[in-house]
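Next come the chains, spelled out residue by residue.
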Amino acid sequence: VRPPGHSFVHGLTTAGLGAPDYEKALHQHAAYCDALKDCGLDVVTLPADEAYPDSTFVEDTALLTPACAVILRPGAPSRQREIESIEPIVRKYFASVERIESSGTVDGGDIMMAGSHYYIGLSQRTNSIGAAQLTAILARHRLTASTVALHNVLHLKTAASYLEHNTMAATDEIIAQPEFDSFRTVRIEPAEQYAANCLWINGTVLVADGFPNACAAIAAAGYRTISLDMSEFRKLDGGLSCLSLRF
Ligand code: CIR
């Protein structure tokens, strides 16, 4: 994880919810880190990086799999150099480190891992060249991938989250795609779409606070849930998965 810097208030956004409050974001980030620890994770905290307003959304910079790490190439030009400070950290933990090359672009928010299969959203951030590169890299490591066309969301995981046990929380846009027919789905209603970005960790699901129907549906599917106030990250189109790289 990487806490937001003061420059966070100038991050990219389409949300139309106003500028985030830096102090509040810091508190929310600290609560997020506590929740990760509560789920049994060790948390490595990188220093805030003022040069990159969106750098708290570390998920977009790398894909970490059991077989290899892939340094990604974020689709937003203002974010492409975020990988420079992530790569040395990743190399500490992974012997095999691959990378997405220009003109491919892939944001980590577009990659949903379901066992050894990786769904790659084709979005305004992730192009087909990047998706093809990633698919070839994964294949070399005996992992499979397929692409998902997206129309109304920033990232694939804005609209869908794999909760293990063949279960996926998702909006109607994703559930309607035949590719996902074999999953048990937890439907997230349109009014609560933001809660579709939720995060399974060791049996617990982190859910954004303020979306009671989504939280109840996830709990009814058999998961322990932890609700977290994400208001300041939401203002920059960020969700729970964006704030960490899990491995
Ligand atoms: C961006 O537009 O890139 C950031 N403001 C939000 C990134 C969210 N990341 C994610 O969903 N993985």
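Please refer to the structure placed before this passage.
We now turn to the structure provided with this report.

Conventions adopted
Residues numbered from 1 in each chain as written. Predicted model: local features only at pLDDT ≥ 70, side-chain atom pairs only at ≥ 80, totals over all residues. Heavy atoms only, no water. Helix = DSSP H or I, 4+ residues; strand = E, 2+ residues; numbered from the N terminus. Rg over C-alpha atoms; globule rule 2.2 N^0.38 Å. Buried < 20%, exposed > 50% of the residue type's maximum accessible area, 1.4 Å probe, protein only. Patch = residues over 30% accessible without salt bridge, like charges linked within 9 Å, V, L, I, M, F, W, Y side chains within 5 Å. Areas by Shrake-Rupley, 256 points an atom, 1.4 Å probe, with all protein chains shown as cover. Salt bridge = Lys/Arg side-chain N within 4 Å of Asp/Glu carboxyl O. Phe/Tyr/Trp six-rings, centres within 6.5 Å; stacked < 30°, edge-to-face > 60°. Lys NZ or Arg CZ within 6 Å of the ring centre and 35° of its normal. Near = heavy atom within 4 Å. Polar contact = N/O pair within 3.5 Å; in protein donor to acceptor, adjacent residues only side chain to side chain. Nonpolar A, V, L, I, M, F, W, Y, C, P; charged D, E, K, R; others polar. Pairing = 2+ DSSP bridges. Axes fitted to C-alpha atoms, helices over the stretch in contact; angles between N-to-C directions. Contact = heavy atoms within 4.5 Å. Right-handed = clockwise from strand over helix to strand, strands pointing away.

Points about the overall build of the protein chain
Per the secondary structure count, the protein chain includes seven helices and twelve strands. For 247 residues, the compact-globule estimate of 2.2 N^0.38 gives 18 Å, and the protein chain sits close to it at 17 Å. If you line up the protein chain on its principal axes, its C-alpha atoms span 45 × 40 × 35 Å. With 247 residues in all, the protein chain has 53% of them scored as buried.

Topic: a nonpolar patch on the surface
Together, Val44, Tyr93 and Phe247 give the surface a local cluster of nonpolar side chains, amounting to about 320 Å² of exposed area. Of note, tyrosine 93 is situated in helix H2 (residues 83-93).

Describing the packing of aromatic side chains
Centre-to-centre distance and the angle between the planes together describe a pair of aromatic rings. Here the structure, examined in full by the defined rule, presents ten aromatic pairs. Ring centres of phenylalanine 8 and phenylalanine 57 lie 6.2 Å apart, and the angle between their planes is 45 degrees; this geometry places the pair in the tilted category. Of the two residues, phenylalanine 8 sits in the segment before helix H1 (22-38) while phenylalanine 57 sits in the loop between H1 and strand E1 (62-64), which places them 49 residues apart along the sequence. According to the relative accessible area criterion, phenylalanine 8 is buried, its value standing at 0%. One aromatic cluster in this structure is built from Tyr119, Tyr162, Phe180 and Phe183. A cation over an aromatic ring shows up here: arginine 234 above the ring of tyrosine 194, its NZ or CZ 4.9 Å from the ring centre.

Description of the site of the ligand
Around the ligand, the surrounding shell holds 13 residues, and the nearest of these are Leu12, Asp54, Arg125, Leu236 and Cys242. Arginine 79 places a side-chain nitrogen or oxygen 2.9 Å from an oxygen atom of the ligand. The contact in question runs from an oxygen atom of the ligand to an N or O atom on the side chain of histidine 155, over 2.9 Å. Contact with the protein chains covers 98% of the free accessible surface of the ligand, which is 350 Å². Partitioning the shell around the ligand into residue classes produces four nonpolar, three polar and six charged.

Here we look at the sheet that holds strand E2 (residues 69-71)
What links the strands of a sheet is backbone hydrogen bonding, and the strands pair in either a parallel or an antiparallel sense. Strand order in the open sheet made by the three strands is E1-E2-E3, with mixed pairing throughout. A single partner strand is all that each edge strand has here, and the edge strands are E1 and strand E3 (97-99). Across the sheet, the mean angle separating the axes of adjacent strands is 20 degrees when strand polarity is ignored. Note: E1 against E2, three bridges, orientation antiparallel. Across the sheet, residue alanine 62 finds its bridge partner in E2, namely isoleucine 71. In the packing of helix H3 (residues 128-140) onto the sheet, contacts are made with E1, E2 and E3, and the angle to E3 comes to roughly 155 degrees.

Comments concerning the pairing of strand E5 (residues 117-122)
In terms of burial, E5 is largely enclosed, as five of its six residues are buried. As defined by bridge partners, strand E4 (residues 111-114) adjoins E5 across four bridges and the pair is classed as antiparallel. Opposite methionine 113, over in E5, you have tyrosine 118 as the bridge partner. Between E4 and the antiparallel strand that follows it, E5, lie two residues; glycine 115 among them carries a positive phi value of about 65 degrees. Pairing between E5 and strand E6 (residues 144-149): six bridges, direction parallel. Counterpart to glycine 121 in the pairing with E6 is valine 148. Once you follow E5 into H3 and on to E6, the crossover reads as right-handed.

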